[in-house]
Amino acid sequence: MIRGLFYLLIFPGLAFQVVCGFAFEWIDRKLLARFQRRIGPPWYQPLADLIKLFSKEDLLPLGAYDFVDLMLPLISLSAVLTAGLYIPIARFTPFSFEGDLIVIQFLMSVPTLAYYLAGIASVGIYSILGGGRSLLQYFSYEVPLLITISGPAVMAGSWSVAEISSSQLTMGPFIIFQPLGFILAVVGLIGKLKRDPLDIPSASSEVVGGSLTEFSGAKLGFWHLVMNVQAVVGIFLLVNLYMGWSNLTFPFAAILVFLVECLLMVLILSGASAVFARLRIDQLAGLGWRILVPLALLQLGFVILMGV
Amino acid sequence: MDKISIPIGPHHPLLKEPLSMRIDIAGERVLGGTLRLGYVHRGIEKMATQRTYVQDVHLIERICGICSHVHTTTFCLAVEKLLGIEVPPRGQYIRAMMCELERVHSHLLWLGILAKHVGLETVFMHAWHDRELALDIMEGVSGGRVSHAANQIGGVRFDLSPEQVAMIKENVEKLKAQVSGVLDVIENEPALRARTQGVAPVSADLIRDYCVVGPVARASGIDVDLRRDDPWPPYDQLDVNVITRPEGDAWARTLIRALETRESLRLCEILLSQMPVGPVTVRAPRKVPEGEVVTRSEAPRGEVLYYLRSDGSDKPARLKVRTPTLAVLSLLPEQLSKIHVADIPVVLAGIDLCIACADR
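Bear in mind the structure is a predicted one, so any value in this text is a computation, not a measurement.

Moving on to the overall build of chain B. Along the backbone of chain B there are 14 helices and 9 strands. In terms of C-alpha radius of gyration, chain B reaches 20 Å, essentially the compact-globule figure of 21 Å for 360 residues. Once the C-alpha set of chain B is aligned to its principal axes, its extents read approximately 65 × 45 × 35 Å. The 360 residues of chain B split such that 50% are buried.

As structure tokens, this is what we get:
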């Protein structure tokens, strides 16, 4: 009982994920700032931002569904935190079971749907536009992402992330066999996180703040937390699926390697947001269905042929 | 899909200055838009008739926060024409050099804004960082980053010391290296091209119908530049390359402004190397003889026209300012159709709005 609560609330649950979320946001902002010849924020900035948002007045326009708008970020937060529980962190997996990869994918989609609903439930004109865009974006990246991440599962012969991760100990990291799949998965992850360059639903020069335009105070704070934890969970997932070196037998080395791999992922995400311009939604749909899906199928077919 | 109308402005992350548009959209397609102006109207033309010519120079400096120098230059040229006095050559050269530096910093500022609107924040940060070099020069020689107070009727208010000339040369050299990097990004960055190429192209006929001037006209293939077509000294001694592109889309406007930045830096170097010695200003009488006069200059955004009528007193009887932005704004509703919602920032940024100039 106590052990279960510890897993849920401390490690690898709530506290650990949230701290990682803050760390991710800070490293990301710092890296981006250095790419842009700026200095960047101090390490406590994400926490300070959150505290400030929580102490701000919470306003919503007349006619918005107050309760719904509070519940949407909370449901999203619990969904991504739950997803985080099933992902091994440097070999440590308290809740792993066969098929958890599919559960993680489902839970990771909850924030996107909640984001769309938040746009509708906060009745702003830009919110509705942003919400619609987030669904369009979802249909563009989700299919190639799902096809892509079934590559490692097929290769390992298991739908459990822990199994996939540990099978790389004997077979070698899957990034070597599926470099294309890794790139596609990163693109899908960027789309899922609505990060620059795929921040189409929240592009400030087009739709002000997207679905979250009308949000303020604690509700907005929760949304920021959701985005950060989602990024952390996504990074952990990709590291486990494609970079299995973290399963070294020596435990301290495993933690170190896992950390380095995660930082590498943050570097990739920050670099992408520094280098690329934002796509138009029709360009993204074209990219998703005309380029990413065929490439993902190609990668999957290659994996299946290799297994035969 | 249902038609909805979204407000852009007077307050919107897209706009740096207040302007109000209502844009009709259906899904992600833009159907059309209407425009409302006048949020920063300050009545400067009327105020100018209530102040003396000497005070007016400082008032007119405040028409625009980006191209302030070209406004005062054109005004001083008008007054000097009425007075019949000639600015000493060194004063003319310093004026022209400030005009070119202003073009450099205006174009770099604009490039950053365009990059930010298409989600390329890195280019925004780098362009504005480079722009500081131009601002450093202007602050170093005049004391002001934005409002330089460089002009007075009869010349300029400061002379350049040899150390300042060395500093300018050094910064211009740095700027040239940075601008060639920026040009490389504009020509080769695929995502930037995907977002700007073919967006809301404007034909040369439409440009002529709306009397559009400056880089927007040149991007549609109209070969017009007052520095060559109607030069005031020292531009008549310079060989200004006028850059045109036939496409008329947002990408052509981007490229033209980057190339013009390079051209301005070249002109700066020529002006510095050929700068004559001597006084920078002559004394001008307070009262201006009766008469009317029109002067024109090539501002960063195109032709600036000043009409000045004097009744023989020390205050103008009428001052009329025509800025390039107003003509371009009239073209905006034409461009806001058959585009995507995501193209609105590109179209708006592409015409390089200066609302403060347009409203005055």
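Let us now look at the overall build of chain A. Each helix and strand counted, chain A has 13 helices and 0 strands in total. Of the regular secondary structure in chain A, the N- to C-terminal order runs α-α-α-α-α-α-α-α-α-α-α-α-α. A globule of 308 residues ought to have a C-alpha radius of gyration of about 19 Å, and chain A, at 19 Å, matches this closely. A total of 308 residues make up chain A; the buried ones form 50% of that total. Long-range pairs, those at least 24 residues apart, make up 80% of the contacts in chain A between residues at least 6 apart in sequence.

Val80(A), Ile104(A), Val233(A), Leu238(A) and Val79(B) are the most contacted members of the largest nonpolar core, which has 189 residues in total. The dominant element in this core, judged by the number of residues it contributes, is helix 11 (residues 217-242) of chain A, at 16 residues. Residues within four places of Val233(A) in sequence aside, it is in contact with Val80(A), Ala83(A), Gly84(A), Ile87(A) and Met108(A).

Quick look at the sheet that holds strand 9 (residues 339-340) of chain B now. For sheets, the rule is that strands pair by backbone hydrogen bonds, running either parallel or antiparallel. All names here are of chain B. The strand order 1-2-3-9 describes an open sheet built from 4 strands, whose pairing is antiparallel. The open sheet has two edge strands, strand 1 (4-8) and strand 9, and neither has a second partner. Direction of pairing for strand 3 (residues 29-36) relative to strand 9: antiparallel, over a ladder of 2 bridges. Counterpart to Arg29 in the pairing with strand 9 is His340.

Following Asp196(A), the chain continues into Pro197(A) via a peptide bond in cis, with omega recorded as 10°. Mapped onto the elements of the fold, Pro197(A) is located in the loop between helix 9 (179-193) and helix 10 (204-207). Along the chain, Pro233(B) connects to Pro234(B) via a cis peptide bond; the corresponding omega equals 10°. Relative to the helices and strands, Pro234(B) is located in the loop between helix 10 (226-229) and helix 11 (250-274). Backbone geometry at Val123(A) places phi at a positive 50°, although glycine is not the residue there.

Moving on, we come to the interface of chain B and chain A. The partner chain A presents 23 residues to the 23 residues of chain B that form the contact. Elements with a contribution of two residues or more to the side of chain B that touches chain A: helix 5 (121-142), helix 7 (190-196) and helix 13 (344-350) of chain B. No other element matches the 5 residues that helix 5 of chain B contributes to the side of chain B that touches chain A. Here the residues of the side of chain B that touches chain A sort into 13 nonpolar, 7 polar and 3 charged.

Time to look at the pairing of strand 6 (residues 291-299) of chain B. All names here are of chain B. With 9 bridges joining them, strand 6 and strand 7 (residues 302-310) adopt antiparallel strand pairing. Bridge pairing in strand 7 links Ala299 to Gly302. Count of turn residues in the strand 6/strand 7 antiparallel hairpin: 2 residues.

Further remarks concern the sheet that holds strand 8 (residues 316-322) of chain B. All names here are of chain B. Spatially, 6-7-8 is the arrangement adopted by the 3 strands of the open sheet, whose pairing is antiparallel. Strand pairing shows two members of the sheet lacking a second neighbour, strand 6 and strand 8, which therefore form its edges. Sheet twist, expressed as the mean angle between neighbouring strand axes with direction ignored, is 15°. Here 6 bridges tie strand 7 to strand 8, and the two strands are oriented antiparallel to one another. By the bridge assignment, Leu305 is partnered in strand 8 with Arg322.

Residues and elements named next belong to chain A. By the burial criterion, the buried members of helix 3 (residues 45-55) are Pro46, Leu50 and Leu53. Seen along its axis, helix 3 keeps its buried residues to an arc of 65°; they face one direction. Away from the buried face of helix 3 by more than 90 degrees, exposed residues Ala48, Ile51, Lys52 and Ser55 are located. Check the buried side of helix 3 and you find it contacts helix 2 (14-35) and helix 11.

On to the environment of Val293(A), then. Residue and element names in this part refer to chain A. In this fold, Val293 is placed in helix 13 (residues 281-307). Given 17 C-beta atoms within a 10 Å radius, Val293 is considered partly exposed. Between the C-alpha atom of Val293 and that of Leu70, which follows or precedes it by 223 residues, the distance is 36 Å. With residues near it in sequence (within four places) discarded, Val293 still touches Val143, Pro144, Ile147 and Gly288.

Right, let's get into the pairing of strand 3 of chain B. Residue and element names in this part refer to chain B. Sheet topology note: the strand 2 (residues 20-26)/strand 3 ladder contains 7 bridges and is antiparallel. Bridge pairing in strand 3 places Ile23 opposite Gly33. Two successive antiparallel strands, strand 2 and strand 3, enclose a turn made up of 2 residues, where Gly27 displays a positive phi of approximately 65°.

Before going further, it helps to examine the packing of helix 9 of chain A against helix 11 of chain A. All names here are of chain A. At a minimum axis separation of 10 Å, helix 9 and helix 11 run at an interaxial angle of 170°. Our classification of the angle between helix 9 and helix 11 gives roughly antiparallel. On helix 11, the residues that touch Phe182, Ala185, Val186, Leu189, Lys192 and Leu193 of helix 9 are Met227, Gln230, Ala231, Gly234, Leu238 and Tyr242.

It is worth spelling out the packing of helix 4 (residues 66-85) of chain A against helix 5 (residues 100-121) of chain A at this point. Residues and elements named next belong to chain A. Contact geometry of helix 4 with helix 5 gives a least axis separation of 8 Å together with a crossing angle of 165°. Relative to helix 5, the element helix 4 is oriented roughly antiparallel. For the pair helix 4 and helix 5, the sense of crossing is left-handed. In this structure, helix 4 uses Val68, Asp69, Leu72, Ile75, Ser76, Ala79, Val80, Thr82 and Ala83 to contact helix 5, whose residues at the interface are Ile104, Leu107, Met108, Val110, Pro111, Ala114, Leu117, Ala118 and Ala121. Each residue belonging to the contact of helix 4 with helix 5 can be placed in one class, and the counts come to 15 nonpolar, 2 polar and 1 charged.

Calculation rules
Residues numbered from 1 in each chain as written. Chains lettered and ligands numbered in written order. Predicted model: local features only at pLDDT ≥ 70, side-chain atom pairs only at ≥ 80, totals over all residues. Helix = DSSP H or I, 4+ residues; strand = E, 2+ residues; numbered from the N terminus. Rg over C-alpha atoms; globule rule 2.2 N^0.38 Å. Buried ≥ 20, exposed ≤ 12 C-beta atoms within 10 Å, placed from the backbone. Contact = placed C-beta atoms within 7 Å. Core = buried A, V, L, I, M, F, W, Y, C linked by C-beta atoms within 7 Å. Pairing = 2+ DSSP bridges. Nonpolar A, V, L, I, M, F, W, Y, C, P; charged D, E, K, R; others polar. Axes fitted to C-alpha atoms, helices over the stretch in contact; angles between N-to-C directions. Arc of directions from axis to C-beta. Parallel < 35°, antiparallel > 145°, perpendicular 65-115°, else oblique. Left-handed = near helix turned anticlockwise from the far one by under 90°.

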